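Observations on the three-dimensional arrangement
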Amino acid sequence: MAPAKLSGFCKQGNDWLYNARLPSDITIIVNGVKFHLHKFPLMSKCGKIACMLEEIQSIHDRTFTTKLEEFPGGSDTFLFAAKFCYGIQVEFTARNIITVYCAADYLEMTDEYGEDNLLLKAESFFHKNVLHNWKDCVLALQSCESCMPRAEKLHILQKCLNAVSTMVCTDPSLFGWPMMMYGSLQSPGGSILWNGINTGAKIRSAESDWWFEDISYFSVGLFERLIKTMEARGIRSEYLAGAVMYYARKYLPGLGRWQSRPSSKARTVASFSLTPAAVDQRDLLENIEKLLPKKKGKSFCRFLLGLLRVASILGVNQTCLDSLERRIGMQLELASLDGLLIPSFSNSDTLYDTDCVERIIHHFMSSESGLTLFSPPSLDLLSSPSFDPLRKVARLIDNYLAEVASDVNLKPGKIRSFAEVLPDSSRTLHDGLYRALDIYFKAHPWLSDREKEVLCNIIDYGKLSIDACAHASQNKRLPLRVVLQVLFFEQLHLRTALAGCLNVVEAESAPTGQGIAPMEIAGNVTATGETSQRIVQRDGWVTIVRENQVLKVDMERMRSRVGELEDEVSKIKREMKKVKKSRSSLSSPCIVAGKFGCKPLSKSSDSQTDVVGSTGPTPRPSVEQPHSSHHSRHRKSLSLFRDLTHGS
């Protein structure tokens with residue numbers, strides 16, 4: 001096999017030889033590659049090899065073989081140094097400068113062993129050419145992985161990191177000119193050049209994310225060093241968070257579905273090719289979590305939820321999971337519903353990881369959030385910062401319960417714990433809880449009335465809106481006891497609304513000579529209840545008058561319905577008198593109740609007290625679920641029956 005020649009050097013198999021008439025008298029092994037060279041060219045330039053040869057006696061009598069352990073840059077870098085020793089012209093580039101610098105230091109190629117030696121030349125090129133150019137700095141940093149410890153010792157790694165951090169804060173059109181950016185050459189003023197002609201078009205150099213793509217090619221360790229250097233130099237936290245998020249999305253494909261995709265335009269300042277780093281995803285995620293700043297923002301919270309989802313898949317350590325859950329809990333008011341729907345990747349039977357979300361809520365309740373929002377130019381912020389976070393979280397949790405309620409494996413206790421983890425003051429309305437329970441009852445038709453009543457205890461019927469009360473009063477999935485209580489509060493809502501509207505109409509119809517001020521009228525409306533006040537403030541005076549007319553029509557209909565129900569109650573009373581005369585059929589109250597489709601309430605300690613009959617002198621039996629054809633009639637009959645019995 002013919003040897004391959006290159007600048008006086010040729011390679012035979014795995015060995016390198018120098019084409020000279022003299023035979024080789026020294027063999028140096030670097031990473032398993034043998035270099036058959038000559039002593040005197042190496043001794044004249046390399047202090048390390050000269051010292052080794054001086055220790056060997058009779059160096060002229062035999063061939064010397066040595067092995068260089070942990071040589072910076074490997075065999076390719078040693079070949080570069082060997083060429084320099086033989087006087088062959090070498091070329092310094094951004095890709096090899098750090099490894100050559102470290103190799104020259106390893107071989108002690110200082111001026112003591114030769115004028116204008118390799119170490120001095122490498123140092124001069126590094127400071128004059130590399131540190132002032134973004135492209136060269138990035139390439140030099142990416143190529144220093146093989147000699148990181150020595151580069152750290154020589155402080156050249158930190159110098160590169162400092163240079164990159166400085167240029168990140170600088171207008172990219174001010175360094176590395178002429179340069180390629182977004183595919184066009186730039187002038188010092190930032191104008192785009194076409195064939196050397198200034199077009200006058202300005203680049204968008206004010207963008208803060210132009211450097212994200214370039215540094216995303218670094219290894220995890222080097223990227224972490226760079227972010228920490230930038231943080232120490234005072235670079236804004238939203239820029240650092242953006243760079244970390246960009247890096248994570250690139251190497252964690254699981255984030256792509258839940259995060260907004262990076263812009264399709266090229267972000268690199270220079271058109272140079274880089275090789276993506278080989279990273280371990282689990283190690284990457286654990287390091288990414290440590291690099292994220294302690295800030296909060298809407299997009300940032302969504303990113304944290306995506307990280308938590310991927311962390312559950314990769315099985316990262318518990319410390320990382322706890323930290324992510326705590327971070328999300330401290331800004332839960334900024335979370336979105338789809339972000340909280342984390343699939344369950346454990347052995348749990350439930351579709352979603354409700355235990356994780358419950359821990360996040362506990363972190364929200366127990367932590368005193370000291371996080372500050374990102375600055376306005378960066379990540380999306382909360383649309384209304386003055387909005388009460390507790391109420392927003394309550395609304396979010398109610399929507400979350402409505403989403404997970406259809407899971408047939410979800411236990412009733414989990415629904416109850418979610419509803420009770422937040423204080424009562426967090427919900428002005430309980431419509432969200434009612435909606436979640438209705439979905440849960442529909443997906444779990446096998447639940448008994450007793451189990452449904454226990455779950456319905458989480459609802460404050462006084463905080464249900466009129467629409468929710470109207471829906472619940474006709475909901476066949478609810479237990480009858482619950483429906484009766486809803487009907488009672490529905491009547492209260494209607495009475496309050498009617499009273500408020502009637503007061504408004506009376507105030508409008510009052511003579512102008514009485515001097516009733518609008519503020520006094522508003523005060524009277526407020527005294528009638530919170531519901532009437534909402535109507536006044538929301539719709540205005542004209543709308544109230546129209547609603548009053550509609551309510552009058554509804555009142556007429558209600559009067560006719562009440563008359564029908566009174567007739568039924570009279571019939572029931574007459575029937576009861578007949579039943580009392582027959583003692584054989586009155587031995588037990590249950591028989592009477594059964595005759596009318598009712599049964600007495602259970603007297604267990606945890607049963608819920610009937611709100612409608614609570615004011616009477618003696619407890620009244622409740623009504624069981626009647627036949628579907630007479631459900632509405634019997635329910636209303638019972639309400640009027642109690643009112644009449646109390647009145648009598």
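Before reading further, recall that the structure is shown in the block above.
Keep in mind that this is a model prediction, so the values were computed, not measured. (Residues numbered from 1 in each chain as written. Predicted model: local features only at pLDDT ≥ 70, side-chain atom pairs only at ≥ 80, totals over all residues. Heavy atoms only, no water.)

1. Comments concerning empty space enclosed by the protein
Convention followed: Points on a 1 Å grid over protein atoms alone make up a cavity when a 1.4 Å probe fits among them but cannot get out, and a pocket when they form an open set with protein on both sides within 12 Å along at least five of seven lines; lining residues each have an atom within 4 Å of a point. Grid points are joined across faces, edges and corners, and a volume is the space filled by probe spheres set on the points. Put simply, Ala, Val, Leu, Ile, Met, Phe, Trp, Tyr, Cys and Pro go in the nonpolar bin, Asp, Glu, Lys and Arg in the charged bin, and everything else, Gly too, in the polar bin.
Using the criterion set out here, one finds one cavity of 30 Å³ or more in the structure. One number sums up the size of the largest cavity: a volume of about 30 Å³. Along the walls of the largest cavity sit Y434, C456, I459, Y461, L464, L478, V482 and V486, which together make up its complete lining. Grouping the constituent residues of the lining of the largest cavity by class yields eight nonpolar, no polar and no charged.

2. Quick notes on the pattern of salt bridges
As a reminder of what qualifies: Any carboxyl oxygen of Asp or Glu that lies within 4 Å of a side-chain nitrogen of Lys or Arg is treated as forming a salt bridge with it. Helix and strand assignments follow DSSP, with helices taken as H or I runs no shorter than four residues and strands as E runs no shorter than two, numbered in order from the N terminus. Each residue's exposure class comes from its accessible area (1.4 Å probe, protein chains only) as a fraction of the maximum for that residue type: buried when under 20%, exposed when over 50%, partly exposed otherwise.
Under the definition given, this model contains 19 salt bridges. The partner of R359 in a salt bridge is E325, and the shortest N-O contact between them spans 3.0 Å. With R359 in helix α16 (residues 354-366) and E325 in helix α14 (residues 318-329), this residue pair connects regions lying 34 residues apart in the sequence. Taking the relative accessible area as the measure of exposure, R359 reaches 37% and is therefore partly exposed. For E325, a relative accessible area of 3% puts it in the buried group. The salt bridge involving R477 is made with D438; its shortest N-O contact spans 3.0 Å.

3. Quick notes on the packing of helix α17 (residues 389-404) against helix α19 (residues 431-443)
What counts here: In this analysis, axes come from line fits to C-alpha atoms, helices being fitted only over the stretch in contact, and the angle between any two N-to-C directions falls in the range 0 to 180 degrees. Any angle from 65 to 115 degrees is called roughly perpendicular, while one under 35 is roughly parallel, one over 145 is roughly antiparallel, and all others are oblique. The contact rule is simple, with two residues in contact once any of their heavy atoms fall within 4.5 Å.
Put simply, α17 and α19 touch, their axes get as near as 8 Å, and they point 10° apart. Of the possible angle classes, the one that applies to α17 and α19 is roughly parallel. Residues D398, N399, L401 and A402 of α17 form the contact with α19, whose own contacting residues are G432, L433, R435, A436 and I439. By residue class, the composition of the contact of α17 with α19 is five nonpolar, two polar and two charged.

4. Here's the deal with the pairing of strand β4 (residues 26-30)
Formally: In this analysis, strands are considered paired if DSSP registers two or more bridges between them.
Counting buried residues along β4, five of its five residues qualify, which places the element largely inside the surrounding structure. Here β4 shows two buried faces, one formed by I26, I28 and V30 and the other by T27 and I29. In this sheet, strand β5 (residues 33-37) lies alongside β4 in antiparallel orientation, the contact comprising five bridges. Residue I28 lies in a different strand from β5, and its bridge partner there is F35. Counted along the chain from β4 to the antiparallel partner β5, the turn is two residues long, and its residue N31 has a positive phi close to 55°.

5. Some details on unusual backbone geometry
Positive phi, close to 55°, is recorded for N31, a residue that is not glycine. Mapped onto the elements of the fold, N31 is located in the loop between β4 and β5. According to the relative accessible area criterion, N31 is exposed, its value standing at 54%. Positive phi values are uncommon outside glycine, yet D116 reaches one of about 55°. When you line up the elements, D116 lands in the loop between α4 (97-106) and α5 (118-130).

6. Considering the nonpolar core
As a reminder of what qualifies: In this text, buried Ala, Val, Leu, Ile, Met, Phe, Trp, Tyr and Cys residues form a nonpolar core when linked through side-chain atoms within 4.5 Å.
Grouped together as the largest cluster of nonpolar side chains are 152 residues, with contacts concentrated most on F78 and I98. For F78, the contacting residues outside a window of four places in its chain are I28, V30, F35, L37, L68, F71 and L107.

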